[in-house]
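Coordinate analysis (summary)
The primary structure of each chain is shown beneath.
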Amino acid sequence: MIHTVLRGETLYQISRDYRTPLQSIIQANPTINPNLIYPGQPIIIPGYPDTSTLPYQIDISLMKRRLRLMRDGKLVKEYPIAVGRILHETPVGDFIIINKAPDPGGPFGTMWMSLSKEHYGIHGTNDPGSIGKAVSLGCVRMYNKDVEELAYTIPIGTPVFIHY
């Protein structure tokens, strides 16, 4: 999979976001200077599929508080979600699903899917009344039955586009 460097990113933070050892990224990109990366630079992230080969995409509208599952560009299903509250906004941008963890415990409901942004994910909830609101610490919350259905449908590496 190819990550395009954003302004202010470091190779170290990119490795943390993708939960991939820095040395593995350096080995996969032998021509880069790890101390000098620049916005727009493509970086190979080993261990994840090329997103263009995957059938599914996730589109998240923070304003509408809706997650749309797309397959080959066509809407498959739309889900209501909860998003980050003031001072804990859900990050905007392009990410991928990097792992899935059933029964993560605590307030995360019955499923956790990590985004390629450290500390953020799409997860279930033990507070279903929060769905449709801006109440989280930045993660995307879904009803447990919805997040389970989504997790069982999409593969690791599925692209996630979060926007207003």
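Structure first, text after, so check above.
The structure displayed is predicted, hence computed values, not measured ones.

Conventions used here
- Residues numbered from 1 in each chain as written.
- Predicted model: local features only at pLDDT ≥ 70, side-chain atom pairs only at ≥ 80, totals over all residues.
- Heavy atoms only, no water.
- Helix = DSSP H or I, 4+ residues; strand = E, 2+ residues; numbered from the N terminus.
- Rg over C-alpha atoms; globule rule 2.2 N^0.38 Å.
- Buried < 20%, exposed > 50% of the residue type's maximum accessible area, 1.4 Å probe, protein only.
- Contact = heavy atoms within 4.5 Å.
- Lys, Arg positive; Asp, Glu negative; His and termini not counted.
- Charge placed at Lys NZ, Arg CZ, Asp CG, Glu CD.
- Phe/Tyr/Trp six-rings, centres within 6.5 Å; stacked < 30°, edge-to-face > 60°.
- Salt bridge = Lys/Arg side-chain N within 4 Å of Asp/Glu carboxyl O.
- Pairing = 2+ DSSP bridges.
- Patch = residues over 30% accessible without salt bridge, like charges linked within 9 Å, V, L, I, M, F, W, Y side chains within 5 Å.
- Areas by Shrake-Rupley, 256 points an atom, 1.4 Å probe, with all protein chains shown as cover.
- Core = buried A, V, L, I, M, F, W, Y, C linked by side-chain atoms within 4.5 Å.

1. Focus: the overall build of the protein
Of the regular secondary structure elements, the protein holds 3 helices and 12 strands. Relative to a compact globule of 164 residues, whose C-alpha radius of gyration would be 15 Å, the protein shows 16 Å and is just as compact. In terms of its C-alpha atoms, the protein occupies a principal-axis envelope of roughly 50 × 35 × 30 Å. Within the span of the protein, comprising 164 residues, buried residues form 43% of the whole. Long-range contacts, defined as pairs at least 24 residues apart, comprise 56% of the intrachain contacts of the protein with a sequence gap of at least 6. For the protein, the separation between the mean place of its 16 positive charges and that of its 14 negative charges on side chains is 4 Å.

2. Here's the deal with the packing of aromatic side chains
For the structure on display, the rule yields 2 aromatic pairs. For the ring pair Y18 and Y48, a centre distance of 6.1 Å and an interplane angle of 55° mean the geometry is tilted. Of this pair, Y18 sits in the loop between α1 (11–17) and α2 (22–28) while Y48 sits in the loop between β2 (42–44) and β3 (56–61); the two residues are 30 residues apart in sequence, bridging distant segments of the chain. Taking relative accessible area as the criterion, Y18 reaches 3% and is therefore assigned buried. Take Y48: its relative accessible area is 14%, and that puts it in the buried class.

3. Quick look at the pattern of salt bridges
In this structure the tally under the stated criterion is 6 salt bridges. A salt bridge links E118 to R16, with the nearest nitrogen and oxygen atoms 2.5 Å apart. Remark: R16 occurs in helix α1 and E118 occurs in the loop between β8 (111–115) and β9 (121–123); sequence separation between them is 102 residues. On the accessibility criterion, R16 (31% relative accessible area) is partly exposed.

4. Here we look at the pairing of strand β5 (residues 74–80)
Judged from the 6 bridges that link them, strand β4 (residues 66–71) and β5 form a sheet pairing that is antiparallel. Paired with R71 across the bridge in β5 is K74. Connecting β4 to the next strand, β5, in antiparallel fashion are 2 residues, including D72 with a positive phi near 50°.

5. Re a nonpolar patch on the surface
A grouping of M63, V92 and Y164 is seen on the molecular surface, where their side chains present a nonpolar patch of about 370 Å² in accessible area. Along the chain, Y164 turns up in the segment after β12 (159–163). Taking relative accessible area as the criterion, Y164 reaches 58% and is therefore assigned exposed.

6. Notes on the nonpolar core
I58, I60, L67, M113, I122 and L150 are the most contacted members of the largest nonpolar core, which has 23 residues in total. Counting only elements with at least two residues in this core, the list comes to β3, β4, β7 (93–102), β8, α3 (144–153) and β12. What L67 contacts, discounting residues up to four positions off in sequence, is I58, D59, I60, K77, E78, Y79, I81, I122, M142 and L150. By size, the runner-up hydrophobic cluster in this structure holds 13 residues, among which are V5, I45, Y48 and I96.

Without other data, these values stay purely geometric and don't point to any function.
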